[in-house]
2 protein chains.
Amino acid sequence: MLKLSTKGQYGVRAMFEVAKGYPDRPVSIKEIARRQEVSVAYLEQILSTLRRAGLISSVRGPGGGYLLTHGPAHISIAVILRELEGPVSIASCMDPEEGCHRVEGCVTHTLWRSLGEKIDAFLSTITLDDLLKDERLLMDAAEHDRIVTIKRAAAGQGG
Amino acid sequence: MLKLSTKGQYGVRAMFEVAKGYPDRPVSIKEIARRQEVSVAYLEQILSTLRRAGLISSVRGPGGGYLLTHGPAHISIAVILRELEGPVSIASCMDPEEGCHRVEGCVTHTLWRSLGEKIDAFLSTITLDDLLKDERLLMDAAEHDRIVTIKRAAAGQGG
DNA sequence: TAATACCCTACTAGATTTGTCAAGTATTTA
DNA sequence: TAAATACTTGACAAATCTAGTAGGGTATTA
Ligand code: FES
Ligand code: FES
């Protein structure tokens, strides 16, 4: 339950790749596609949406690609997902546009709203910068593992 | 984004109605259907799932219906939704059964897992008993409004 | 045996998801 | 200017999921 569509998932991963080029190295769709194993054509759709939303800008021609319009610390996962999948809306009848004649006296209405707010709050605190840091941690951990493995091998305890 | 299906939504609302009959008054599908404005046929599917999961038991024949198998304070929204919609799984590639060869070194993996855990934790703290209390609050508020309205009307300030 | 009420499976129209494809436009470099 | 790179856009479609409906069955009570 409560799945995110691939568009949202790929979108965040793509933004993470674009963030790696911050502040001035344009990252091409091709590069993102290769690194994140997502098709170029599908990424085009996703990045196009994010560009129209103003989260990234594009540079055409050879050497071109996408650039973050703001610092990685100022782009939260919440805003990326909001552009690609719309606002958090656990139950469709919470949407003020769609409306629901049962809202008043509905015991679950408050519940879904609280949950939605909690999710939104959480995703708003996580930024691209956090993901970049996370990767550094992952890489450090891998490096550490590698060193440990090498040391073990050198000590004849490999395996 | 992060929508709940109607099955989950109706399921919680149905369980709320069943909870009203706790501990010994069976609540029929018909009654639930009327109160929650959901079709009988659809509710049959939903309640059948919940019964097989052991959350409710059924009593056949005239005067029959459904009963909670445990106290309302011991049935969380999380377990109801889990039975109807499966476990929280923000991204499908987090599911250990489906698997994903990119898990290691994937920056979003940790993110989705954290979010999933947060959601699960929240939904686990809310029980049917909370919904029952909530309704009492709602009714009290309505009663209060009604009294105020009556007093105003009596004082010639109605509207 | 009539009425009530749960039980179960199958089916389906419509929406959504998850992409692909084709034909552009803009920019740079040779 | 020609070629290559790379973004831009809109149309389209297979696959899946959602949100139910339909219809026949079983158990219980009066
Ligand atoms: S708000 Fe629509 S049913 Fe609760
Ligand atoms: S875990 Fe599958 S892509 Fe991140």
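Residues numbered from 1 in each chain as written. Chains lettered and ligands numbered in written order. Predicted model: local features only at pLDDT ≥ 70, side-chain atom pairs only at ≥ 80, totals over all residues. Heavy atoms only, no water.

1. What about the protein's contact with DNA strand C?
Short version of the rule: We call a residue near a molecule or strand as soon as one heavy atom of that residue lies within 4 Å of the molecule or strand. In protein, a polar contact requires one atom able to donate a hydrogen and another able to accept it; more generally it is a pair of N or O atoms within 3.5 Å, and residues adjacent in sequence count only if both atoms are side-chain atoms. Helix and strand definitions here come from DSSP, where helices need a minimum of 4 consecutive H or I residues and strands a minimum of 2 consecutive E residues; each element is numbered from the N-terminal end.
Close contacts around DNA strand C come from 27 residues, with A:Ser39, A:Gln45, A:Arg60, B:Ser58 and B:Arg60 the closest. Within 4 Å of the protein, atoms of DNA strand C come from sugar and phosphate in 71% of cases. A distance of 2.4 Å separates a phosphate oxygen of DNA strand C from a polar side-chain atom of A:Ser39. Separating a phosphate oxygen of DNA strand C from a backbone N or O atom of B:Ile29 is a distance of 3.0 Å. Of all the secondary-structure elements, those providing two or more residues to the surface near DNA strand C are α1 (6–20) and α3 (40–52) of chain A together with α3 (40–52), β1 (56–59) and β2 (65–68) of chain B. Per-element tally for the surface near DNA strand C: the top contributor is α3(B), with five residues.

2. Some details on the relation of the copies chain A and chain B
Both copies of the chain are related by one operation, a rotation about an axis with a shift along it. For clarity, the threshold we go by: When the copies are superposed, the least-squares fit draws on C-alpha atoms of residues that have pLDDT of at least 70 in both. The contact criterion used throughout is that any non-hydrogen atoms of two residues lie within 4.5 Å.
Mapping chain A onto chain B leaves a residual RMSD of 0.1 Å; the transformation is a rotation of 180° accompanied by 0.0 Å of translation along its axis. The operation mapping one copy onto its partner corresponds to a two-fold rotation axis. Using C-alpha coordinates, one finds that chain A approaches the rotation axis most closely at A:Leu2, a distance of 2.3 Å. A symmetric contact is evident, with 100% of the interface residues of chain A recurring at the interface of chain B.

3. Considering the domain arrangement of chain A
Note on interface size: it is often stated as the accessible area lost on association of the parts. All names here are of chain A. Cut-off, in case you're wondering: Throughout, the edges of the domains are those of an automatic or database domain assignment. The term buried area refers to how much accessible surface (probe radius 1.4 Å) is lost by two components on association, counted for both of them together. Within this document, salt bridges are pairs made up of a side-chain nitrogen of Lys or Arg and a carboxyl oxygen of Asp or Glu, the two lying within 4 Å of each other. Polar here means any residue outside two lists: the nonpolar Ala, Val, Leu, Ile, Met, Phe, Trp, Tyr, Cys and Pro, and the charged Asp, Glu, Lys and Arg; Gly therefore counts as polar.
Each assigned domain of chain A is listed with its residue range as follows: domain 1 (6–86) and domain 2 (87–126). Summarising the inter-unit geometry, the C-alpha centres of domain 1 and domain 2 are found 28 Å apart. Residue-level contacts link eight residues of domain 1 with six residues of domain 2. In this assembly, domain 1 packs against domain 2 so that about 500 Å² is buried in total across both faces, 62% of it on carbon and sulfur atoms. Counting the contacts that link domain 1 with domain 2 gives one salt bridge. Two residues, Asp120 and Arg82, come together in a salt bridge whose shortest N-O distance is 3.4 Å. Taken together, the connections running from domain 1 to domain 2 amount to three residue pairs in polar contact (both at pLDDT 80 or more). Partitioned by chemical class, the residues of the side of domain 1 that touches domain 2 number four nonpolar, two polar and two charged.

4. Describing the protein's contact with DNA strand D
If you check the shell around DNA strand D, you find 26 residues, and the closest are A:Arg60, A:Tyr66, B:Ser39, B:Gln45 and B:Arg60. Within 4 Å of the protein, atoms of DNA strand D come from sugar and phosphate in 72% of cases. Taking A:Arg51, its side chain carries an N or O atom lying 2.9 Å from a phosphate oxygen of DNA strand D. Side-chain polar atom of A:Tyr66 to a phosphate oxygen of DNA strand D: 2.8 Å apart, as the coordinates give it. Those elements that place two or more of their residues in the surface near DNA strand D are α3, β1 (56–59) and β2 (65–68) of chain A together with α1 (6–20) and α3 of chain B. Among the elements that line the surface near DNA strand D, the one with the most residues is α3(A), at five residues. Residues belonging to the surface near DNA strand D are distributed by class as follows: seven nonpolar, 13 polar and six charged.

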